[in-house]
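# Survey of secondary and tertiary structure
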Amino acid sequence: TSSSAAPAGSLFTVSSPNVKYTDSTIESKYTYRTTTVNKGADGSFTATPTETLYDFKTERKVPKTGVMLVGWGGNNGTTVTAGIIANRRGLSWDTREGSRAANYYGSIVMGSTLKLGSDAKTNADVNIPFHDVLPMVHPNDLVIGGWDISGLTLADAMDRAAVLEPTLKDQVRKEMAEMRPLPSIYYPDFIAANQEDRADNVIAGSKADWAHVEKLRADIRNFKADNSLDKVIVLWTANTERFADIIEGINDTADNLVAAIKAGHEEVSPSTVFAVASILENAPFINGSPQNTFVPGAIEFAERHNAFVGGDDFKSGQTKMKSALVDFLINAGIRLTSIASYNHLGNNDGKNLSSQRQFRSKEISKSNVVDDMVEANSVLYKPGEKPDHTVVIKYMPAVGDNKRALDEYYAEIFMGGHQTISIFNVCEDSLLASPLIIDLVLIGEMMTRIQWRASKGEGADAADYKSFHSVLSVLSYMLKAPLTPPGTPVVNALAKQRAALTNIFRACVGLEPESDMTLEHKLF
Ligand code: NAI
Ligand code: DG6
């Protein structure tokens, strides 16, 4: 059936001939407006507005969804699990600063709003929760499971993480004591040697093996069946691995990667083996760490199987500030000349990163995050010119999960002057990362239910709808080194990343992008 009204329970209905609600879908006709630029022989540009008409179709049934975390027993894994349980049960707990209640602060989906439009009578903005724009899974309904090379129950692992208040832990302990990570694959060469003492829950074998792929696939299938799930998302929040070398004939194509796993090649990382297993189970796989899990062969493998992947490296504190601040400075016409970023932290992530090869993965992902903003401004920077940028990370056990991030931004201003901005950012790392895990899962899941086609008008054959590209660059807002479809640009500027996400969601319900022109307040 079809109608112009959204079903009961929806927060809003779009009243437009371009939007149709059926029992199972929301269908929109959307005109995508861009500008095509041609450069003439004299170097001048001709800009031509262009329009492309798309049909979007969004499946409305919210699936029963499970998330399997690789590294479930780590700081992020235990914190996000306890946080979801606390929210689901509406818990509150005492702290020395008074009572605190469960919330989803730090999640763009659960904690932010977007402008639906202007009030018909007053012209005032009408804002709605991000979560209500499309029919999304609620995090309280997620079923959580996963793997860890450490066999502690989630209750004991939560104590080891030392992130949450004892009064909260006491209330979730019983439930979390029942949760035990599945054994995982452990190839010691990929993570720091200092992690070895926690590796007591491992599948036999210390290098890639097709039997590992099959075991992980069976784990995903069993989790799905045991919990009667419609869908499973797999997310890597395990230790940062070293980079894998990209070797011709080994991991450069999908076929070579499969052959390399079967041959037990030592340059295939555990995270890539997890990616391959997830792709084969059609479970979206998201990488929350910086290493190059998605070697070219893994991307080609995902494309071949029409499976979704996303990454890399959660963007929680320092880098999120950087991708907002640098965007602001350069767009303000201020010539940023150097960024010095220093961190110290005392959690297990910091311990793993105290090893050079794992630090190098993080250094790479933290260092390339301003390139697009610099390259876009040919007034301030010559081609190839960049601000100096250095990243330092030190392990300081005493501060635990309370990471310290110190940044100095040094810039040239008007007439040879200078501006120095110093930031001292102290935050509980895992309390910033956990809501990002939730966003990546919810948005990743939502993207599996959106299809598109170049519009053919009324009565066109629905069979030619397709999904978004396998590489979900729409997740970039949550990630430091966003993975994009091969050959497409990386966008790091935070505001652009958010605009892409919100405007794609708006297009699915037939709404124009938020332009912020507010002509209604200027032309009267
Ligand atoms: P953690 O060290 O507390 O947890 C990682 C867990 O992964 C450990 O329990 C470890 O036993 C497990 N593990 C290691 N190799 C494994 C394998 N092959 N299979 C299954 N489990 C395995 O680290 P944390 O703080 O939870 O961070 C996780 C990842 O997220 C790290 O790579 C970190 O760099 C990254 N990250 C963390 C952010 C944060 O704010 N906490 C932000 C950005 C990225
Ligand atoms: C220290 O840099 C440890 C890292 O794992 C970071 O805490 C993590 O990557 C978050 O980085 P950022 O730059 O988003 O705060």
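Residues numbered from 1 in each chain as written. Chains lettered and ligands numbered in written order. Predicted model: local features only at pLDDT ≥ 70, side-chain atom pairs only at ≥ 80, totals over all residues. Heavy atoms only, no water.

### Concerning the overall build of the protein
Let me state the cut-off plainly: Only DSSP runs of H or I with at least four residues qualify as helices, and only runs of E with at least two residues qualify as strands; both kinds are numbered from the N terminus onward. For this measure, only C-alpha atoms enter the radius of gyration; the expected value for a globule follows 2.2 Å times N^0.38, where N is the number of residues. Think of it in three bands: residues with accessible area under 20% of the maximum for their type are buried, residues over 50% are exposed, and the middle band is partly exposed, with areas taken using a 1.4 Å probe on protein chains only. Should any heavy atoms of two residues lie within 4.5 Å, those residues are considered in contact. Only the protein chains shown count as covering a residue, and every accessible area follows the Shrake-Rupley method with a 1.4 Å probe. We treat Lys and Arg as the positive residues and Asp and Glu as the negative residues; His and chain ends play no part in the count. For this purpose, a charge sits on NZ of Lys, CZ of Arg, CG of Asp or CD of Glu.
Per the secondary structure count, the protein includes 14 helices and 19 strands. In terms of overall dimensions, the protein is globule-like: its C-alpha atoms have a radius of gyration of 24 Å, near the 24 Å expected for 524 residues. Counting only C-alpha atoms and orienting by the principal axes, one finds that the protein spans roughly 70 × 65 × 60 Å. The proportion of buried residues among the 524 residues of the protein is 52%. Excluding contacts between residues fewer than 6 apart, the proportion of contacts in the protein whose partners are at least 24 apart in sequence is 72%. Accessible area for the protein stands at about 23,400 Å²; split by element, carbon and sulfur atoms hold 52% of it. Seen as two clouds, the 52 positive and the 63 negative side-chain charges of the protein have centres 2 Å apart.

### Considerations on the sheet that holds strand S14 (residues 335-345)
The pairing of strands in a sheet happens through backbone hydrogen bonds and is either parallel or antiparallel. Condition: Here the rule is simple: two strands pair whenever DSSP picks up at least two bridges between them. Comment: axis = line fitted to C-alpha atoms, over the contacting stretch for helices; angle = value between 0 and 180 degrees taken between N-to-C directions.
Spatial strand order, S15-S14-S16-S17: 4 strands in an open sheet with mixed pairing. Only two strands of the sheet have a single partner each, and these edge strands are strand S15 (388-395) and strand S17 (418-428). In this sheet, neighbouring strand axes are inclined to one another by 10° on average, regardless of whether the strands run parallel or antiparallel. Looking at chain direction, strand S16 (residues 402-412) and S17 are connected through 11 bridges and run antiparallel. Across the sheet, residue Glu412 finds its bridge partner in S17, namely His418. Seen against the sheet, helix H9 (residues 318-331) touches S14, S15, S16 and S17 and runs at an angle of roughly 170° to S14. Lying on the sheet, helix H13 (residues 429-447) is in contact with S14, S16 and S17; it crosses S17 at an angle near 85°.

### Some thoughts on empty space enclosed by the protein
The cut-off we apply is this: Using protein atoms alone on a 1 Å grid, points that fit a 1.4 Å probe yet trap it form a cavity, whereas open point sets bounded by protein on both sides within 12 Å along at least five of seven lines form a pocket; residues with an atom within 4 Å of a point count as lining. Grid points are joined across faces, edges and corners, and a volume is the space filled by probe spheres set on the points. Under the grouping applied here, Gly and all other residues not named as nonpolar or charged are polar, the nonpolar ones being Ala, Val, Leu, Ile, Met, Phe, Trp, Tyr, Cys and Pro and the charged ones Asp, Glu, Lys and Arg.
Throughout the structure, instances matching the rule amount to 2 cavities of 30 Å³ or more. Its volume calculated, the largest cavity comes out at about 670 Å³. Lining the largest cavity are 46 residues; nearest its centre among them are Thr237, Ala238, Asn239, Thr240 and Asp349. Those elements giving two or more residues to the lining of the largest cavity turn out to be helix H1 (75-88), helix H7 (270-280), H9, S14, helix H10 (348-353), helix H11 (356-367) and H13. A class-by-class count of the residues in the lining of the largest cavity yields 16 nonpolar, 19 polar and 11 charged. Around the second largest cavity, the lining residues are Val67, Leu69, Val80, Ile84, Leu142, Ile144, Ile437, Ile438 and Val441. Listing elements by their share of the lining of the second largest cavity, those giving two or more residues are strand S5 (65-70), H1 and H13. With 3 residues, the single largest contributor to the lining of the second largest cavity is H13. Of the residues contributing to the lining of the second largest cavity, the split by class is 9 nonpolar, no polar and no charged.

### Examining the layout of surface pockets
Using a probe with the size of a water molecule, rolled over the atoms, empty space left in the structure can be pinpointed. Taken as a whole, the largest pocket spans an internal volume of roughly 1,200 Å³. As for the largest pocket, its lining consists of 39 residues, of which Tyr32, Phe468, Ser473, Ala500 and Ile504 are closest to the centre. The set of elements that each furnish at least two residues to the lining of the largest pocket consists of strand S3 (25-39), strand S4 (45-59), strand S19 (466-467) and helix H14 (494-508). Among the elements that make up the lining of the largest pocket, the one with the highest residue count is H14 (8 residues). A class-by-class count of the residues in the lining of the largest pocket yields 23 nonpolar, 11 polar and 5 charged.

### Regarding the pattern of salt bridges
So the rule is basically this: One speaks of a salt bridge when a side-chain nitrogen belonging to Lys or Arg is within 4 Å of a carboxyl oxygen belonging to Asp or Glu.
On inspection of all chains with the given rule, the structure shows 32 salt bridges. Its salt-bridge partner being Glu300, residue Arg304 comes within 3.4 Å of it at the nearest N-O pair. Residue Arg304 and its partner Glu300 are located together in helix H8 (residues 296-304), separated by 4 residues, close to a single helical turn. A relative accessible area of 43% means that Arg304 is categorised as partly exposed. Between Arg449 and Glu445 there is a salt bridge whose closest N-O contact spans 2.8 Å. Linked by salt bridges that have partners in common, Lys29, Asp55, Arg453 and Asp464 make up one network.

### So, the packing of aromatic side chains
The geometry of two aromatic rings is summed up by the distance between their centres and the angle between their planes. Just so we agree on the cut-off: Pairing of aromatic rings covers Phe, Tyr and the six-membered ring of Trp, with a centre-to-centre limit of 6.5 Å; geometry is then stacked below 30 degrees between planes, edge-to-face above 60, and tilted otherwise.
Overall, the coordinates contain 9 aromatic pairs when judged by the stated rule. A ring pair is formed by Tyr54 and Phe56, whose centres lie 6.1 Å apart and whose planes are at 40°; its orientation type is tilted. We classify Tyr54 as partly exposed; its relative accessible area is 22%. For Phe56, a relative accessible area of 9% corresponds to the buried category. Look at Trp236 and Phe274: their rings are 5.9 Å apart centre to centre, the planes differ by 70°, and that puts the pair in the edge-to-face class. Residue Trp236 is found in strand S11 (residues 231-236), and its partner Phe274 is found in helix H7; the two are separated by 38 residues along the sequence.

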